[in-house]
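Secondary and tertiary structure notes
As a plain string of letters, each chain reads:
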Amino acid sequence: MDQAYPADPPLADLLNDVWLRLDPGVAERNAPARHLVLATVGRGGGGEARTVVLRAADRRQGLLCLHTDSASAKVAELTAQPLATLLLWDPPAQVQARLRCTIAARPGTDEEWQRVPDPSRRAYGGAPPPGRPILSPGDYGADADRARFTVLEAEVAEIDVLHLGGLRHLRARFARSDGWQGQWLAP
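The structure reproduced in this document is the subject of the present report. The model shown is predicted, which means the values in this text are computed figures rather than measured ones. (Residues numbered from 1 in each chain as written. Predicted model: local features only at pLDDT ≥ 70, side-chain atom pairs only at ≥ 80, totals over all residues. Heavy atoms only, no water.)

Glancing now at the overall build of the chain. Helix and strand counts for the chain stand at four helices and 10 strands. The globule rule puts the C-alpha radius of gyration for 187 residues at 16 Å, and the 18 Å found for the chain is close to it. A total of 187 residues make up the chain; the buried ones form 37% of that total. Within the chain, residue pairs in contact and separated by at least 24 positions form 55% of the contacts whose partners lie at least 6 positions apart. Accessible surface, the chain as shown: approximately 10,100 Å² in total, 52% of it carbon and sulfur. With 22 positive and 23 negative side-chain charges, the chain shows a separation of 2 Å between the mean positions of the two kinds. (Helix = DSSP H or I, 4+ residues; strand = E, 2+ residues; numbered from the N terminus. Rg over C-alpha atoms; globule rule 2.2 N^0.38 Å. Buried < 20%, exposed > 50% of the residue type's maximum accessible area, 1.4 Å probe, protein only. Contact = heavy atoms within 4.5 Å. Areas by Shrake-Rupley, 256 points an atom, 1.4 Å probe, with all protein chains shown as cover. Lys, Arg positive; Asp, Glu negative; His and termini not counted. Charge placed at Lys NZ, Arg CZ, Asp CG, Glu CD.)

Written as structure tokens, this is what we have:
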């Protein structure tokens, strides 16, 4: 939905719009929802944020999937505090969606691993593990390690969507707890 909304759109249109943006993020390399920002609680306190790639989106279940290396800091952070936020920003449409989630890490299946392109498999493994100090760029080995391939399953609990395009800004919040009925918010 890249066109501007009418002056008074139905509330459900904003929720539909978010899912219509997430679906192409799974398969289309240049879709704005392909790369989301994951915000977690850092192990030392404060917030941490990093870009992640959307691998699956299931509106019916309210579930998003991401892949990562089990040795990454984000896995430890989510193990300690599974509440996190995924941020979608679509610049041309001027739409921001914050998806508050509970995220669980699990080992990736053989079927999921087979769908990972060979060059991308090097992101799961390597020595030393992600984020560890090295003396120079050449002091890192990027070898695929199937055992470190991890899937993050994000169960969406709430979506806060802000549409900045058009004649007026629109904002609404939708929650799983009320069946995604939604509530208009001041932008």
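A separate point is the nonpolar core. Grouped together as the largest cluster of nonpolar side chains are 32 residues, with contacts concentrated most on Leu22, Leu38, Leu64, Leu86, Leu99 and Ile103. Considering every element that reaches this core, the biggest residue donor is helix α1 (residues 11-27), with six residues. Excluding residues within four positions of it along the chain, Ile103 makes contact with Leu38, Leu78, Pro82, Ala84, Leu152, Glu153 and Ala154. (Core = buried A, V, L, I, M, F, W, Y, C linked by side-chain atoms within 4.5 Å.)

When we look at burial in helix α2 (residues 73-80), the residues that qualify are Lys74, Val75, Glu77 and Leu78. Buried residues in α2, looked at end-on, bunch into an arc of 165°, giving them a common side. The exposed set on the far side of α2, more than 90 degrees from its buried face, consists of Thr79 and Ala80. At its buried positions, α2 is contacted by β1 (35-41), β2 (47-58), β3 (63-69), β4 (83-90), β5 (95-107) and β8 (149-163). (Arc of directions from axis to C-beta.)

Time to look at the side chain of Asp69. Along the chain, Asp69 turns up in strand β3. Among the polar contacts made by the side chain of Asp69, one reaches the side chain of Arg148 at a distance of 2.7 Å. What Asp69 contacts, discounting residues up to four positions off in sequence, is Val75, Ala123, Tyr124, Gly125, Pro130, Arg148 and Thr150. (Polar contact = N/O pair within 3.5 Å; in protein donor to acceptor, adjacent residues only side chain to side chain.)

For the rest of this paragraph, the subject is unusual backbone geometry. The omega torsion of the bond from Ala127 to Pro128 falls at -5°, within 30 degrees of zero and hence cis. By secondary structure assignment, the location of Pro128 is in the loop between β6 (125-127) and β7 (141-144). One non-glycine residue, Gln94, adopts positive backbone phi at about 55°. Along the chain, the position of Gln94 falls in the loop between β4 and β5. In this structure Gln94 comes out as partly exposed when scored by relative accessible area, which is 34%. The residue Trp180 is not glycine, and still its phi comes out positive at about 65°. By the element assignment, Trp180 lies in the loop between β9 (170-175) and β10 (183-185).

Any link to function would need more than the numbers given here.
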